[in-house]
Structure formats: structure tokens, C-alpha cells
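A structural walkthrough
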Amino acid sequence: MSETEPQRERRRALASAAAREAREQTEVALDQPLPCIVTTIEQSFDLAVVIAPLGDGLAGMYTKLPNLNVALIAGKDAAVRRRFTLAHELGHHYLGHGPRWDDTASLKDESDPDESAANRFAAEFIAPQPAVERFVGELDDSAPTLELVCRLANHFAISPQAARIRLETAEVITDRRLLGRLDSEIIDGQAKPCFERLKLEDRDDLCRLPSALLPRLPAEARGSALADFLDGRISAAELAAAIGSSIDQIEVALGRSVV
Ligand SMILES: [Zn+2]
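Reference entry: report on the structure contained in this document. As the structure is a computational prediction, the values presented were derived from the model and not from experiment.

Looking now at the overall build of the protein. Per the secondary structure count, the protein includes 13 helices and 4 strands. For 259 residues, the compact-globule estimate of 2.2 N^0.38 gives 18 Å, and the C-alpha radius of gyration of the protein, at 19 Å, lies within 12% of that figure. Overall, the C-alpha framework of the protein stretches about 55 × 45 × 35 Å when taken along its three principal axes. Of all 259 residues assigned to the protein, the portion counted as buried reaches 51%. Restricting the contact set of the protein to residue pairs at least 6 apart, pairs at least 24 apart contribute 60%.

In C-alpha cells form, the structure reads like this:
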């Protein structure tokens, strides 16, 4: 039986509340942006962050190795996408959803209760309501324009699309017509020149690692089956056996030949 709208809203509210509770476990105040989401997550949660080349369609995965929980993030994605995917995988971990494979479509699948909850969790973890309200409240000009979207995106180091959605879910902008116009401006490619005009640059954190420095493996992930696979020391079949997955899934996820 599919959910009713009030049930959906309640589940989203619970996911947001869980994200605020998770943020309170970190050292970063609830009304501040995260200086480096990778560092914060590894310091505060039982989750190792691996950024590595993955198969074309895959954005990230949450998996459990023996004695190690891992969020694996696609190195092909831009830093703003990597941050949101990482917060989404933390959502699966924190909300107890169990291992997940996220491709671009599942990350947007609001009809799947777990995916929708992980997205709400991610938005609230990266940009908690008090931080959004504080940031908007301290701006000289908080008119609901593309400039506000870009400033918010830059403050929380997220994409213009994610910032526009956050302005809606945080109820900073409620006018549907205005939200539609902002969507059109983003689709039309107007965010990039806006960032340039405002001299807004992305923050230099671990999600900005260039592909030449990937895979990024934290110390606790070294020696694991995943690290051995990424270094070519074990086969996809051996990795699949180690994480209780199928070889097909490994091949799709990591884009390698199993032979
Ligand atoms: Zn997911």
C-alpha cells in the first residue's frame, strides 16, 4: 500500500529530526556550515569515507565490510555532488537502512521511502534549518533571486539545485511561481556566471580531491577487501564475497571486468 501525503510528510520530518540529532554529535554548531564533511563524518560516526572511480551510473554506496562501515563516493562527480551523496549515504547508515547502491536515478527517487528519507537527512545534515535561517538573516539582501540561491549554495558547498530545493524545504521561498523561475534559470546555466560575478569559490575540502589523487582511502580502510580491490590485489569475485554482494553488482558499481 502506498503512503498517504501526511505519512510521507511525517517520515520526512523524522528524517530531518534524525539529521539534526546526528549533527549534534559533531563538533560543528547547528547554525554553521561544515568546513569539511568528510572529516566531520569520519570523526563523529563509525563510517569510513572512500572516494574512488566507480561505474558510470553509480553515485555512491553504503556497505559493511567486516569491522568497517564504508561510504563509497563516485570520483567522477563534482565536489558539490560528492558532498550531497556522502550525506545521503550517512543517512542510510544513521537511519539503519542497511547496505545501498545509489545510482543517479535512485538518489532522486522520492517514491522510495528510504531514498526520500536519506535525501531529507542529507539536506538537513549539510544545511540545518538554524544554519539556513542564520545565513539568510545575516545577508544584506535576501531577495529571492538566483543570487540568493548561489550564495546559499556557496555557503554550504552544495549545488545550485540542492540550494534551491533547500530554500523551498526550509520555507525561505514558498512562492511556486518564483521557485519555478529559479529552476528555469538554473537549467538555463545561469548559476555559473552568477558564481563568477559574485566571486564565489568552492571550499577546499577533502571532497575537492582531484581524480589524480584518487582513490581516497582513510587509514582504517587500508588492508580491507575494498582497498585490496581498488589496488588490484583481489578480484571482483573476492570483493563480492567479502561484502556479501554479487559479482554483477560489483561490476556494475565499479565498472571493471570480472574476468
Ligand atoms: Zn540512497
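Our next topic: the pattern of salt bridges. In the structure shown here, the tally under the stated rule is 21 salt bridges. The closest approach of N and O atoms between Glu 168 and Arg 164, which form a salt bridge, is 2.9 Å. Residue Glu 168 and its partner Arg 164 are located together in helix α8 (residues 160-169), separated by 4 residues, close to a single helical turn. In this structure Glu 168 comes out as partly exposed when scored by relative accessible area, which is 25%. Its relative accessible area of 5% is what places Arg 164 among the buried residues. Across the salt bridge formed by Glu 168 and Arg 176, the nearest N and O atoms sit 2.6 Å from each other. When salt bridges with common partners are traced through the structure, they connect Glu 5, Arg 8, Glu 9 and Arg 12 into a single cluster.

As a further point, take unusual backbone geometry. Here Leu 214 and Pro 215 are connected by a cis peptide whose omega angle stands at 5 degrees. As for its placement among the helices and strands, Pro 215 is situated in the loop between α10 (191-197) and α11 (225-230). Here Glu 171, not a glycine, exhibits a phi torsion of approximately 60 degrees, which is positive. Tracing the backbone through its elements, the reader meets Glu 171 in the loop between α8 and α9 (176-187). Classification of Glu 171 by relative accessible area gives exposed; the value is 62%.

As a packed pair, helix α3 (residues 79-94) and helix α5 (residues 113-126) sit with axes 8 Å apart at the nearest point and diverge in direction by 120 degrees. By the angle class used here, α3 and α5 are oblique. Every pair of crossing elements has a handedness; the one defined by α3 and α5 is right-handed. Here α3 contributes Arg 83, Phe 84, Ala 87, His 88, Leu 90, Gly 91, His 92 and Tyr 94 to the contact with α5, which in turn contributes Asp 114, Glu 115, Ala 118, Asn 119, Phe 121, Ala 122, Ala 123, Phe 125 and Ile 126.

As a further point, take empty space enclosed by the protein. Under the criterion given, the structure shown has 2 cavities of 30 Å³ or more. Contributing to the lining of the largest cavity are Leu 34, Pro 35, Cys 36, Ile 37, Arg 83, Ile 126, Phe 156, Ala 157, Arg 203 and Asp 205. Here the lining of the largest cavity is composed, by residue class, of 7 nonpolar, no polar and 3 charged. Quantified by volume, the second largest cavity comes out at close to 40 Å³. Around the second largest cavity, the lining residues are Phe 84, Ala 123, Ile 126, Ala 127, Ile 158, Ala 162 and Arg 166.

A few words now on the nonpolar core. Residues Ile 37, Ile 41, Leu 86, Phe 125, Cys 150, Leu 152 and Phe 156 are the most contacted members of the largest nonpolar core, which totals 55 residues. Of all the elements, helix α7 (residues 146-156) adds the most residues to this core, at 7 residues. Apart from the residues within four sequence positions on either side, Ile 41 is in contact with Leu 47, Val 49, Leu 86, Leu 90 and Phe 125. Among the nonpolar cores identified, the runner-up in size contains 25 residues, and Ala 74, Ala 221, Leu 226 and Phe 229 belong to it.

Rules used throughout
- Residues numbered from 1 in each chain as written.
- Predicted model: local features only at pLDDT ≥ 70, side-chain atom pairs only at ≥ 80, totals over all residues.
- Heavy atoms only, no water.
- Helix = DSSP H or I, 4+ residues; strand = E, 2+ residues; numbered from the N terminus.
- Rg over C-alpha atoms; globule rule 2.2 N^0.38 Å.
- Buried < 20%, exposed > 50% of the residue type's maximum accessible area, 1.4 Å probe, protein only.
- Contact = heavy atoms within 4.5 Å.
- Salt bridge = Lys/Arg side-chain N within 4 Å of Asp/Glu carboxyl O.
- Axes fitted to C-alpha atoms, helices over the stretch in contact; angles between N-to-C directions.
- Parallel < 35°, antiparallel > 145°, perpendicular 65-115°, else oblique.
- Left-handed = near helix turned anticlockwise from the far one by under 90°.
- 1 Å grid on protein atoms, 1.4 Å probe; cavity = no way out; pocket = protein on both sides within 12 Å on 5 of 7 lines; lining within 4 Å.
- Points joined across faces, edges and corners; volume = space filled by probe spheres on them.
- Nonpolar A, V, L, I, M, F, W, Y, C, P; charged D, E, K, R; others polar.
- Core = buried A, V, L, I, M, F, W, Y, C linked by side-chain atoms within 4.5 Å.

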